[in-house]
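# Descriptive structure summary
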Amino acid sequence: MGRRRDLRNMAELVAVVDLGSTAVRFLLARINPNSRCKILVEEREPTRLGGGAPGVLPREAIHESLRAVRRFFARYSFDGRGPRVIAIATSAVREARNRERLLEPLRRKEGIEVQILSARDEARLGVEAALDSLSFKDGVVADLGGASLQLSRVRDRKVLSSASLPLGAVRTTSRFLRQNRPSPRALQALRSEIRAQLLEGLPPARRREVMVGMGGTVRTLASIHLRSHRGERKSRHGLTLYQSDVTAVRERLESLSRRKRRKIAGLKAERADIILAGAIVIEEAMVFGGYLRLVVCTRGVRDGILLRETFNGRG
């Protein structure tokens, strides 16, 4: 019995592979079942799995994703033994008719079985990460990815409802903002679509409720804001952006071509084409729902996975 108890309490090396719509993300952590885990490595490889036609993973994005996974495990396998792998996929893979072109090689060549998260599970993992790292009590958690926007209503730190809307930054760019400089007509069409979708899934803000923003678009908006307000603070996590802050960044992005956007401090070149659509989605959600403040959360689904793995699965 003593030896069995010791084995249960041993630290374990765990790798989380997140096959997202914009990028493949890797996280290597050492988990002690009775305490906080320690993150050892975090890496990200842009792949744009969500950049194809609706319901289709682009061939090159599939190849890039497979190469990225192979490179990661070649680097972080020790003495021929790798970590325990938890692989997840979100909306782009979930909705793809050709997803086996990605999943079958991972299963056959890498021995990785990918769990395709439902929209509900994807939203709840993000909310768990937000609640664990931020002190808000009531509001809505808006997790904007490449293919979808997950909205979860939180009351007294409990999830009351959730919705998944097809408003991801990659998807909306592909549908509405393909031009180097989007026309007023294209911008208006995008805003009309966002509002129509939000009618179904966004609860209106009550007094003092906040919107907690997650995902690459939100992190980038925070980075741009901080780089133009030096001395305000350094950390993005927990930063509060007001409607006027988001609008200021969106107006700046809208005034520039994609090439010129690449020069904006705080904006990665790989996001220059999709950041405007993402900013408009966040701006519309705040204005349409009446949310005056956006609290930035830099955690994500991967962190929610790790929370469930720690404390013997009790988060």
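Right above here is the structure, for reference.
Nothing here was measured: the structure is a model prediction, and the numbers come from that model.

Counted by the stated rule, this structure contains zero disulfides. Looking at the unpaired Cys-37, the closest cysteine sulfur is the one in Cys-297, lying at 15 Å. Judged by relative accessible area, Cys-297 falls into the buried class, the value being 0%.

Turning next to the nonpolar core. Leu-198, Met-211 and Leu-253 are the most contacted members of the largest nonpolar core, which totals 41 residues. Those elements that provide at least two residues to this core are strand 6 (139-144), strand 7 (149-155), helix 7 (184-201), helix 8 (216-228), helix 9 (243-254), helix 11 (275-289) and strand 11 (293-296). Broken down by element, the residue count for this core peaks at nine residues, all from helix 11. Listed in part, the 28 residues of the second largest apolar core include Ala-15, Val-24, Ala-92 and Leu-106.

The strands making up a sheet associate through hydrogen bonds between their backbones, and the pairing can be parallel or antiparallel. Spatially, 3-2-1-4-5 is the arrangement adopted by the five strands of the open sheet, whose pairing is mixed. Lying at the two open borders of the sheet, with one neighbouring strand each, are strand 3 (38-46) and strand 5 (114-116). Between one strand axis and the next, the sheet turns by 20° as a mean value, whatever way the strands run. With eight bridges connecting them, strand 1 (residues 12-19) and strand 2 (residues 23-31) associate as antiparallel partners. Its bridge partner being in strand 2, Val-17 is matched across the sheet by Phe-26. In this fold helix 12 (residues 301-309) packs onto strand 1, strand 2, strand 3 and strand 4 (84-89), with an angle of close to 25° to the strand it touches most, strand 2.

One way to put it is that helix 7 packs onto helix 11 with a least axis distance of 10 Å and a crossing angle of 50°. Comparing the axis directions of helix 7 and helix 11 gives the class oblique. Of the two possible hands of crossing, helix 7 and helix 11 adopt the one that is right-handed. In this structure, helix 7 contributes Leu-187, Leu-190, Arg-191, Ile-194, Arg-195, Leu-198 and Leu-199 to the contact, and helix 11 contributes Leu-276, Ala-277, Ile-280, Val-281, Glu-283, Glu-284, Ala-285 and Phe-288.

Inspection of the secondary structure assignment puts Glu-284 in helix 11. In this structure, the C-alpha to C-alpha distance between Glu-284 and Lys-158, residues 126 residues apart in sequence, is 25 Å. Leave out the neighbours within four places in its chain, and Glu-284 touches Arg-191, Ile-194, Arg-195, Leu-198 and Gly-289.

Right, let's talk about unusual backbone geometry for a bit. If you check the backbone angles, Arg-48 has positive phi at about 60° while not being a glycine. As for its placement among the helices and strands, Arg-48 is situated in the loop between strand 3 and helix 2 (59-75). Here Asp-156, not a glycine, exhibits a phi torsion of approximately 55°, which is positive. With respect to the secondary-structure elements, Asp-156 resides in the loop between strand 7 and strand 8 (158-165). The exposure class of Asp-156 is partly exposed, given its relative accessible area of 45%.

Basis of the calculations
Residues numbered from 1 in each chain as written. Predicted model: local features only at pLDDT ≥ 70, side-chain atom pairs only at ≥ 80, totals over all residues. Heavy atoms only, no water. Disulfide = S-S within 2.5 Å. Buried < 20%, exposed > 50% of the residue type's maximum accessible area, 1.4 Å probe, protein only. Core = buried A, V, L, I, M, F, W, Y, C linked by side-chain atoms within 4.5 Å. Helix = DSSP H or I, 4+ residues; strand = E, 2+ residues; numbered from the N terminus. Pairing = 2+ DSSP bridges. Axes fitted to C-alpha atoms, helices over the stretch in contact; angles between N-to-C directions. Contact = heavy atoms within 4.5 Å. Parallel < 35°, antiparallel > 145°, perpendicular 65-115°, else oblique. Left-handed = near helix turned anticlockwise from the far one by under 90°.

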